Amino acid sequence: MLRTYLGRGVAAGLLAGLIAGVFAYFFGEPHVGRALALEGGGAFNEVVSRPVQKLGLIVAVTLYGTSVGAIFGLVFAAGRDRMAASDDWGRSLRLSAALFAGLFFLPFLKYPADPPGAGDPSNIGVRTVAYLVTVAVCVSAVFVAWSVGRVLREQGTGRAARQAVVGAGFVAVLAGFFLAMPPATNPGNFPGDVLWDFRISTLATQALLWATLGAAFGLLCERANGRKASF
Amino acid sequence: MHRALGRPNLWLLPVVALIFLALFAALFDNGALLAPLLGEAAGKTNYLHEFFHDGRHLLGVPGH
Ligand SMILES: [Zn+2]
């Protein structure tokens with residue numbers, strides 16, 4: 001089954017990446033263009049032209065979607081029996097929400113995406129490491145909270161008490177971690193409207209990708225389950 | 001996941017390596033991957049960074 005879920009994850013991720021990539025081309029790319037215009041020119045160097053970079057955007061999001069889709073399939077195979085949802089559709093949506101939160105949304109709260117020109121090139125290495133550490137901690141926190149919730153459920157703890165305790169612990173741990181990490185880049189005088197529009201389009205691109213991935217994977221599982229059931 | 005097939009899934013190793021290689025190429029590479037092909041020019045031209053540039057910004061990865 002591991003191979004089957006991996007295949008479904010790759011297929012769902014490819015579709016999700018393509019859809020999110022085309023979305024980003026139409027709704028995110030214009031804000032990248034505005035940011036580059038503020039900088040007074042095109043890319044860093046001239047090896048790749050702007051039209052090719054815009055195509056590269058779709059390729060990048062598709063490659064990202066396919067890769068996280070493969071991870072999704074493997075994690076789904078490993079954790080399927082432990083998830084409380086009553087069907088694969090529910091399990092798939094929950095897993096995509098968990099991975100969206102851990103891999104993107106929670107790190108985004110600490111280190112929101114920067115359009116070209118709003119970041120600081122001098123400390124890109126430090127910021128990249130800080131970002132990766134944050135992704136690792138956030139995704140771990142999500143899965144630890146999920147597991148603790150499951151253990152408490154199996155011990156018979158009521159739903160309200162369980163979710164309140166796990167939720168409070170989760171928020172406390174992440175708040176402490178966020179406070180301990182270096183602050184995000186100060187955008188200085190970077191125009192706020194461009195920054196806002198860019199960040200919202202980043203959030204929308206990622207949300208669309210993970211929603212599509214979860215839904216497509218869930219549908220593939222339900223279709224296969226339905227076929228099996230009808231024999 | 002190993003329990004499901006009753007033996008270690010060794011084929012997983014190259015699959016996982018490929019997944020992380022793809023993510024690294026799309027999100028983080030700054031010339032290292034093409035250095036065996038292009039030598040010193042790989043860092044200066046930085047093809048993968050430039051090609052995936054807008055995607056990196058819009059996926060939320062730290063950039064310039
Ligand atoms: Zn940039």
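Residues numbered from 1 in each chain as written. Chains lettered and ligands numbered in written order. Predicted model: local features only at pLDDT ≥ 70, side-chain atom pairs only at ≥ 80, totals over all residues. Heavy atoms only, no water.

Naming follows an unreviewed UniProt entry, where chain B appears as CbtB-domain containing protein of uncultured Rubrobacteraceae bacterium.

Enquirer: So what about the overall build of chain A? Which residues, and what values?
Expert: Across its full length, chain A carries seven helices and zero strands. Order of helices (α) and strands (β) in chain A, N terminus to C terminus: α-α-α-α-α-α-α. Considering chain A as a whole, with its 231 residues, one finds that 45% of them fall into the buried category. A separation of at least 24 residues holds for 86% of the contacts in chain A among residues at least 6 apart in sequence. As presented, chain A carries roughly 11000 Å² of accessible surface, and 68% of it is formed by carbon and sulfur atoms. Measuring between centres, the 19 positive side-chain charges of chain A sit 12 Å from its 12 negative side-chain charges. (Helix = DSSP H or I, 4+ residues; strand = E, 2+ residues; numbered from the N terminus. Buried < 20%, exposed > 50% of the residue type's maximum accessible area, 1.4 Å probe, protein only. Contact = heavy atoms within 4.5 Å. Areas by Shrake-Rupley, 256 points an atom, 1.4 Å probe, with all protein chains shown as cover. Lys, Arg positive; Asp, Glu negative; His and termini not counted. Charge placed at Lys NZ, Arg CZ, Asp CG, Glu CD.)

Enquirer: Tell me about the coordination of the zinc ion, and please be specific about residues and values.
Expert: Residues and elements named next belong to chain B. In this structure, H53 (NE2), H57 (NE2) and H64 (ND1) serve as the protein donors to the zinc ion, at separations of 2.0 Å. Between consecutive donor residues of the zinc ion, the sequence gaps follow H-x3-H-x6-H. One end of the pair, H53, and the other, H57, are both in helix α6 (residues 53-59), four residues apart, so they sit about a helical turn from each other. Of the two residues, H53 and H57, neither departs from the other in class, the shared state being buried. (Donors = N, O, S within 2.8 Å, 3.2 Å for Na, K, Ca; no water.)

Enquirer: Can you explain the nonpolar core? Please cite residues and give values.
Expert: Residue and element names in this part refer to chain A. Y64, F72, F76, L209 and W210 are the most contacted members of the largest nonpolar core, which has 54 residues in total. Formed jointly, this core draws a minimum of three residues from each of two domains, domain 1 (2-119 + 190-230) and domain 2 (120-185). The contacts of F72, once residues within four sequence positions are left out, are S92, L95, S96, L99, W210, L213, G214 and F217. Core analysis: the second largest hydrophobic core is formed by five residues, A118, F190, V194 and L195 among them. (Core = buried A, V, L, I, M, F, W, Y, C linked by side-chain atoms within 4.5 Å. Domains from an automatic or database assignment.)

Enquirer: Give me the lowdown on the packing of helix α3 (residues 50-79) of chain A against helix α2 (residues 12-27) of chain B, citing residues and values where you can.
Expert: Closest axis-to-axis distance for the α3 of chain A/α2 of chain B pair is 9 Å, and the angle between their directions is 150°. Our classification of the angle between α3 of chain A and α2 of chain B gives roughly antiparallel. Considering how the two elements wind past one another, α3 of chain A and α2 of chain B form a crossing that is left-handed. Contacts from A60, L63, Y64, S67, V68, A70, I71 and L74 of chain A of α3 of chain A reach α2 of chain B at L12, V16, I19, A22, L23, A26 and L27 of chain B. Here the contact of α3 of chain A with α2 of chain B is built from residues that sort into 14 nonpolar, one polar and no charged. (Axes fitted to C-alpha atoms, helices over the stretch in contact; angles between N-to-C directions. Parallel < 35°, antiparallel > 145°, perpendicular 65-115°, else oblique. Left-handed = near helix turned anticlockwise from the far one by under 90°. Nonpolar A, V, L, I, M, F, W, Y, C, P; charged D, E, K, R; others polar.)

Enquirer: Please set out the interface of chain B and chain A residue by residue, giving values where relevant.
Expert: Every contact between the two is made by 31 residues of chain B and, on the other side, 48 residues of chain A. When the two sides are added together, the surface that chain B and chain A hide from each other amounts to roughly 3500 Å², 72% of it contributed by carbon and sulfur. Per-residue buried area on chain B facing chain A is highest for L58, L59 and H64 of chain B; these three make up 23% of the total on that side. Across the contact surface, chain B and chain A share one salt bridge. Summed over the shared surface of chain B and chain A, the result is nine residue pairs in polar contact (both at pLDDT 80 or more). The set of elements that each furnish at least two residues to the side of chain B that touches chain A consists of α2, α4 (41-45), α5 (47-51) and α6 of chain B. Ranked by residue count, the leading element in the side of chain B that touches chain A is α2 of chain B, at eight residues. (Buried area = accessible area lost by both parts, 1.4 Å probe. Salt bridge = Lys/Arg side-chain N within 4 Å of Asp/Glu carboxyl O. Polar contact = N/O pair within 3.5 Å; in protein donor to acceptor, adjacent residues only side chain to side chain.)

Enquirer: Pulling in residues and values, what's your account of the packing of aromatic side chains?
Expert: Residue and element names in this part refer to chain A. Following the criterion strictly, the structure yields 13 aromatic pairs over all chains and no others. Note on F104 and F108: the rings are 5.0 Å apart at their centroids and 35° apart in plane angle, and the pair reads as tilted. Separated by four residues within a single helix, F104 and F108 lie in helix α4 (residues 88-110), roughly one turn from each other. Note on F104: relative accessible area 0%, which makes it buried. For F108, a relative accessible area of 12% puts it in the buried group. Judged by centre distance (5.8 Å) and plane angle (40°), the rings of F143 and W146 are tilted. Taken together, the residues span about one helical turn, with F143 and W146 both in helix α5 (residues 124-154) at a distance of three residues. By relative accessible area, which is 24% here, F143 ends up partly exposed. W146 gets classed as partly exposed once you look at its relative accessible area, which sits at 29%. (Phe/Tyr/Trp six-rings, centres within 6.5 Å; stacked < 30°, edge-to-face > 60°.)

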